[in-house]
Amino acid sequence: MLSGNAALKKHKGTMVLPAVALYRALTASGADAVDLLNAYGDAMGRRFAGIVHCITSVPGVSGLIWRHVDSIMDRMSGENLGYQRRIVSEPPEMFGVDILSCPYHELARKLGNEKAVLCICRMDKAYMQGFHRIRYERTTAVSEGAECCDYRLRFDPEKK
């Protein structure tokens with residue numbers, strides 16, 4: 001499955017395969033795999049948020065990121081990585097993108113354990129809160145059964 005898609009093999013398999021393996025092992029042991037993996041995703045996301053905040057608190061870094069937010073998002077969630085997306089707004093007011101199909105979710109679904117990627121989604125949602133001067137909002141996720149993951153980013157000079 002991974003051998004036919006180099007981007008998926010390199011970028012997505014490294015996160016999805018361990019999540020699916022953990023999900024299966026936890027389920028086999030009788031544990032609540034979803035709750036445990038989600039708690040892990042939340043905790044790791046908070047740790048990463050601290051790192052993101054430190055980096056983006058350096059004077060000028062948030063502005064630099066905001067000036068290039070469209071190309072950064074393209075590198076992180078572009079169609080060349082297996083995402084299907086729709087741009088709903090562009091800077092300067094807001095950068096909004098709807099992820100219609102996520103390769104993390106698709107791989108986990110093909111492996112029969114799509115709930116295993118919820119921890120990745122939760123980690124993503126938590127660490128994105130760490131940006132200094134960039135507000136992030138996501139209210140829906142494909143992995144939670146929604147039509148899309150609705151990423152909304154806004155530059156806010158007052159956000160600490």
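Calculation criteria
Chains are numbered independently. Their residues run from 1 in the order of the written sequence. Local features in this predicted model are restricted to residues of pLDDT 70 or higher, and side-chain atom pairs are both shown and tallied only at a pLDDT of 80 or more, whereas totals for entire chains, interfaces and linings draw on every residue. To get the side-chain values, take all heavy atoms of the structure and skip hydrogens and water. To qualify as a helix, a DSSP run of H or I must reach at least 4 residues; to qualify as a strand, a run of E must reach at least 2; elements of each kind are numbered from the N terminus. Method remark: on a 1 Å grid restricted to protein atoms, a set of points is classed as a cavity if a 1.4 Å probe fits but cannot get out and as a pocket if it is open with protein on both sides within 12 Å along at least five of seven lines; lining residues have an atom within 4 Å of a point. Grid points are joined across faces, edges and corners, and a volume is the space filled by probe spheres set on the points. Polar here means any residue other than Ala, Val, Leu, Ile, Met, Phe, Trp, Tyr, Cys and Pro, which are nonpolar, and Asp, Glu, Lys and Arg, which are charged; Gly is therefore polar. Here, a salt bridge means any Lys or Arg side-chain nitrogen found within 4 Å of an Asp or Glu carboxyl oxygen. Note on aromatic contacts: the rings of Phe and Tyr and the six-membered ring of Trp form a pair at centre separations within 6.5 Å, being stacked when their planes are under 30 degrees apart, edge-to-face when over 60 apart, and tilted otherwise. Each residue gets one of three labels from its accessible area relative to the maximum for its type: buried under 20%, exposed over 50%, partly exposed in between, using a 1.4 Å probe on protein chains only. Lysine and arginine charges are scored as sitting over a ring when NZ or CZ, respectively, is within 6 Å of the ring centre and within 35 degrees of the ring normal. Only residues whose relative accessible area exceeds 30% and that form no salt bridge are eligible for patches; like-charged ones are grouped when within 9 Å, while nonpolar side chains (Val, Leu, Ile, Met, Phe, Trp, Tyr) are grouped when within 5 Å. What sets the accessible areas is the Shrake-Rupley method with a 1.4 Å probe; for residues, cover comes only from the shown protein chains.

If you had to explain the environment of C119 to someone new, which residues and values would you point to?
For C119, the position within the fold is in helix α6 (residues 118-127). On a C-alpha basis, the gap between C119 and L36 in space is 8.8 Å, while along the polypeptide they are 83 residues apart.

Got a sec to walk through the layout of surface pockets? Specific residues and values, please.
One number sums up the size of the largest pocket: a volume of about 650 Å³. Along the walls of the largest pocket sit 26 residues, with M76, D124, Y127, M128 and Y151 positioned nearest its centre. Every element with two or more residues in the lining of the largest pocket is listed here: α1 (6-28), α3 (61-67), α4 (69-77), α6 and β4 (149-155). Taken together, the residues that form the lining of the largest pocket break down as 21 nonpolar, two polar and three charged. Put simply, the second largest pocket is a space of about 160 Å³. The set of elements that each furnish at least two residues to the lining of the second largest pocket consists of α1, α2 (33-56) and α6. Counting residues per element, the lining of the second largest pocket draws most heavily on α1, which supplies five residues. Grouping the amino acids of the lining of the second largest pocket by side-chain chemistry returns nine nonpolar, two polar and no charged.

With reference to specific residues and values, describe the pattern of salt bridges.
Using the criterion set out here, one finds eight salt bridges in the structure. For D124, the salt bridge identified is with R138, shortest N-O distance 3.3 Å. With D124 in helix α6 and R138 in the loop between β3 (134-137) and β4, this pair connects stretches of sequence that are 14 residues apart. The closest approach of N and O atoms between R135 and D156, which form a salt bridge, is 2.6 Å. Taken together, the residues span a long stretch of sequence, with R135 in strand β3 and D156 in the segment after β4 at a distance of 21 residues.

Before we move on, could you go through the packing of aromatic side chains and cite the residues and values that matter?
Under the definition given, this model contains two aromatic pairs. Measuring from centroid to centroid gives 5.9 Å for Y136 and Y151, while their planes differ by 50°, and the two rings are tilted. Placement of Y136 in strand β3 and of Y151 in strand β4 is noted, with a sequence separation of 15 residues between them. Like Y136, the residue Y151 is buried in the burial classification. Residue placement shows R138 over the ring face of Y151; its charged tip is 5.9 Å from the ring centre.

Explain a nonpolar patch on the surface residue by residue, including any values.
The grouping of F48, I51 and I55 at the surface amounts to a nonpolar patch, some 270 Å² of accessible area in total. Among the structural elements, I51 can be located in helix α2. The class for I51 is partly exposed, based on a relative accessible area of 49%.

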